[in-house]
Amino acid sequence: MLKLIRAIKLMNIITHLQEKEGFSALKPLFKIFKATFVMVFMSHLFGCLFFMLIDQTTTNNWLYHYDPVVFYEDNLSRYLVSMYWAIISVSTMGYGDVTPTTHNERIFTAFVAVVGTIIFAYGMGNITCLI
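Residues numbered from 1 in each chain as written. Predicted model: local features only at pLDDT ≥ 70, side-chain atom pairs only at ≥ 80, totals over all residues. Heavy atoms only, no water.

Draft legend 1. The arrangement of the nonpolar core in detail. The biggest cluster of nonpolar side chains holds 18 residues, and the ones touching the most others in it are Phe-46, Trp-62, Leu-63, Trp-85 and Ile-119. Of all the secondary structure elements, the ones that give two or more residues to this core are helix H2 (27–52), helix H3 (62–66), helix H4 (68–71), helix H5 (75–90) and helix H6 (103–129). Setting aside anything within four residues of it in sequence, one finds Phe-46 in contact with Trp-85, Ala-86, Val-90, Phe-108, Phe-111, Val-112, Val-115 and Ile-119. (Core = buried A, V, L, I, M, F, W, Y, C linked by side-chain atoms within 4.5 Å. Buried < 20%, exposed > 50% of the residue type's maximum accessible area, 1.4 Å probe, protein only. Helix = DSSP H or I, 4+ residues; strand = E, 2+ residues; numbered from the N terminus. Contact = heavy atoms within 4.5 Å.)

Next comes the structure, spelled out in structure tokens:
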């Protein structure tokens, strides 16, 4: 939770720097950084939450259906798969190789699809304003 507060402070510092006169030349760079930061941060959050949906007591979950070998590996390997899913979902690509199998996973995936579209539109809108 403390790292979340640090991330919010970082965004406030960047916003404050954008408003200063000496940093006006870097304003486009700050906008790109903020848009990228929001997408990566939300992907991390969604990936962690999707990772937490895994029921360790059963094989009826998204990770086991994706790759049974990774299901039994360490947390880093499993986090990487969930982060991959989150980035692909937030960027609206959606390859379909990691799919939800339980109702809770489907509900969460639908939520991520809606919020991810908003996050992606925010990022692309900020970048488009620079052109």
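Past the structure itself, the notes keep going.
Draft legend 2. Inspection of H2 at higher detail. For H2, spanning 26 residues, the distance from its first C-alpha to its last is 37 Å, which sits close to the expected 38 Å at 1.5 Å a residue. If you check which residues of H2 are buried, you get Phe-30, Lys-34, Ala-35, Met-39, Met-42, Ser-43, Phe-46, Gly-47 and Phe-50. (Expected span 1.5 Å × (residues − 1).)

Draft legend 3. Region of interest: the packing of aromatic side chains. For the structure on display, the rule yields 11 aromatic pairs. With 6.3 Å between their ring centres and 80 degrees between their planes, Phe-46 and Phe-108 make a pair best called edge-to-face. With Phe-46 in helix H2 and Phe-108 in helix H6, this pair connects stretches of sequence that are 62 residues apart. We classify Phe-46 as buried; its relative accessible area is 3%. Ring centres 6.4 Å apart and planes at 90 degrees place the aromatic pair Tyr-64 and Tyr-72 in the edge-to-face group. Overall, Tyr-64 belongs to the partly exposed group, its relative accessible area being 26%. (Phe/Tyr/Trp six-rings, centres within 6.5 Å; stacked < 30°, edge-to-face > 60°.)

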